[in-house]
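What follows is the residue order along each chain.
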Amino acid sequence: MCALRAMEQSDIGKAVEIIFTHDDDDAEAAQLDFERTGICDQYVFEMDSTIIGVTGFRRVPATENTAWLSWTYIAAQYCRQGHGTAMMQQLLSILNELDTRKIFVKVSNYRDEQGYEVYLGALKMYESLGFQLELTNKDFYDKDEDQLIYSKSLKSDGDDAVDILEEKPVMRFNGIYEIAESEGAYTFSWTVLDKKPLFGKRSFTIEDVQIGLKAAKKEGARKVFLTFPSNLPLIHQPLQAAGFKYVGTLKDYYERGVDEMHFSHTLANV
Ligand SMILES: CC(C)(COP(=O)(O)OP(=O)(O)OC[C@H]1O[C@@H](n2cnc3c(N)ncnc32)[C@H](O)[C@@H]1OP(=O)(O)O)[C@@H](O)C(=O)NCCC(=O)NCCS
């Protein structure tokens, strides 16, 4: 008999051990994540009181009940016996009970030196559970290692058109950083100012974007990835002028009618 239960602090070691049966880098990154971000909404999957799997989700702040799946693993010796599907079905029921609107998951298309697709089992499992591929960020984790973003809508929102107001906040870039679990993929952070400054340049200029790109290149960035809500019309001109390409959209990410738009820059001509 297998069942999902909330992860406790004392389960972290076992959860990390399970991830280690597949990938040591992932195990290390998961341990840090459990320690830093905490174990709220994280679960272990038990078979007759032996932990054989780990899964969970992270809610996205400032969205209407959107979540990302977190570390999802079945210990290697228990794989391909239907446990992953059973564990996910129980997690999806919990997400439904919590009124989650849409769940997203990031998967890599990494192939090891022998050409083995390490995450193929995960892709098959998500597809068989009704997840659909929404977006591919090329060369995200490393050169020739893409990020595939799958999603599943958990609530039917109906087909009525929604009125979404465009917003024009005063935005300023305030930092660049390397994206966790990637080799040389960078992103920028930005802040929204409460008030329009009396003096100084207007918000979100091409000059700001170029300063960020140059700084990222100097730090050794391979590529820069940015995401923005779809109701900010002022971002498009500076991004395009600075050479960013539109990659695609995660539909209804923030709320129904407000998507998350993805852009990337290869830094070739910076
Ligand atoms: C993904 C994972 C949790 C699936 O667990 P599992 O117990 O093997 O899954 P199941 O036995 O329920 O199989 C689910 C489906 O995937 C298929 N599948 C599983 N492993 C596979 C593999 N290596 N190659 C091809 N198909 C595979 C199964 O045939 C099944 O398909 P079906 O429903 O059409 O029959 C497990 O493979 C794992 O821990 N993988 C490594 C970690 C990982 O990739 N995590 C996700 C990161 S986002």
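The paragraphs below set out a description of the structure included in this document. What you see is a predicted model; the values in this text were computed from it and never measured.

Reading guide: rules and limits
Residues numbered from 1 in each chain as written. Predicted model: local features only at pLDDT ≥ 70, side-chain atom pairs only at ≥ 80, totals over all residues. Heavy atoms only, no water. Helix = DSSP H or I, 4+ residues; strand = E, 2+ residues; numbered from the N terminus. Buried < 20%, exposed > 50% of the residue type's maximum accessible area, 1.4 Å probe, protein only. Contact = heavy atoms within 4.5 Å. Lys, Arg positive; Asp, Glu negative; His and termini not counted. Charge placed at Lys NZ, Arg CZ, Asp CG, Glu CD. Near = heavy atom within 4 Å. Polar contact = N/O pair within 3.5 Å; in protein donor to acceptor, adjacent residues only side chain to side chain. Areas by Shrake-Rupley, 256 points an atom, 1.4 Å probe, with all protein chains shown as cover. Nonpolar A, V, L, I, M, F, W, Y, C, P; charged D, E, K, R; others polar. Axes fitted to C-alpha atoms, helices over the stretch in contact; angles between N-to-C directions. Parallel < 35°, antiparallel > 145°, perpendicular 65-115°, else oblique. Left-handed = near helix turned anticlockwise from the far one by under 90°. Patch = residues over 30% accessible without salt bridge, like charges linked within 9 Å, V, L, I, M, F, W, Y side chains within 5 Å. Salt bridge = Lys/Arg side-chain N within 4 Å of Asp/Glu carboxyl O.

**Brief notes about the overall build of the chain**
Okay, so step 1: Per the secondary structure count, the chain includes six helices and 13 strands.
Okay, so step 2: A principal-axis box enclosing the C-alpha atoms of the chain has dimensions of 65 × 45 × 30 Å.
Okay, so step 3: Burial analysis of the chain (270 residues in total) assigns 46% to the buried set.
Okay, so step 4: Considering only contacts in the chain between residues 6 or more positions apart, those separated by 24 or more positions represent 65%.
Okay, so step 5: Put simply, the chain has 29 plus and 43 minus side-chain charges, and the middle of one group is 7 Å from the middle of the other.

**Regarding the site of the ligand**
Okay, so step 1: Around the ligand there are 21 residues in total, and Thr72, Arg80, Gly82, Gly84 and Thr85 lie nearest to it.
Okay, so step 2: The separation between an oxygen atom of the ligand and a polar main-chain atom of glutamine 81 is 3.3 Å.
Okay, so step 3: Contact between the ligand and threonine 85: an oxygen atom at 2.5 Å from a side-chain N or O atom of the residue.
Okay, so step 4: Coverage of the ligand by the protein chains reaches 77% of its 930 Å² of free accessible surface.
Okay, so step 5: Every element with two or more residues in the shell around the ligand is listed here: strand E5 (73-74), helix H3 (83-97) and helix H4 (120-128).
Okay, so step 6: Considering every element that reaches the shell around the ligand, the biggest residue donor is H4, with seven residues.
Okay, so step 7: Class assignment of the residues belonging to the shell around the ligand gives a composition of nine nonpolar, nine polar and three charged.

**So, unusual backbone geometry**
Okay, so step 1: Backbone geometry at alanine 62 places phi at a positive 65°, although glycine is not the residue there.
Okay, so step 2: As for its position among the elements, alanine 62 is in the loop between strand E3 (50-59) and strand E4 (66-69).
Okay, so step 3: Positive phi is not limited to glycine here, since glutamate 181 has a value of about 70°.
Okay, so step 4: Looking at where glutamate 181 falls in the secondary structure, it is placed in the loop between strand E9 (170-178) and strand E10 (185-193).
Okay, so step 5: Classification of glutamate 181 as partly exposed rests on a relative accessible area of 49%.

**With respect to the packing of helix H1 (residues 12-20) against helix H2 (residues 24-37)**
Okay, so step 1: Packing of H1 against H2 leaves a shortest axis separation of 8 Å and a crossing angle of 155°. With respect to H2, the axis of H1 lies roughly antiparallel. Two packed elements cross with a definite hand, and for H1 against H2 that hand is right-handed. In this structure, H1 contributes Ile12, Ala15, Val16, Ile19 and Phe20 to the contact, and H2 contributes Asp24, Asp26, Ala27, Ala30, Gln31 and Phe34.

**Some points on a negative patch on the surface**
Okay, so step 1: A contiguous patch of negative charge on the surface is contributed by Asp24, Asp25, Glu28, Glu178, Glu183 and Glu219.
Okay, so step 2: Considering every element that reaches the negative patch, the biggest residue donor is H2, with three residues.
Okay, so step 3: Here glutamate 183 shows up in the loop between E9 and E10.

**Points about the pattern of salt bridges**
Okay, so step 1: Summed over all chains, the structure comprises 11 salt bridges.
Okay, so step 2: Between arginine 111 and glutamate 117 there is a salt bridge, and its shortest N-O distance comes to 3.3 Å.
Okay, so step 3: Residue class for glutamate 117 comes out partly exposed when judged on its relative accessible area of 27%.

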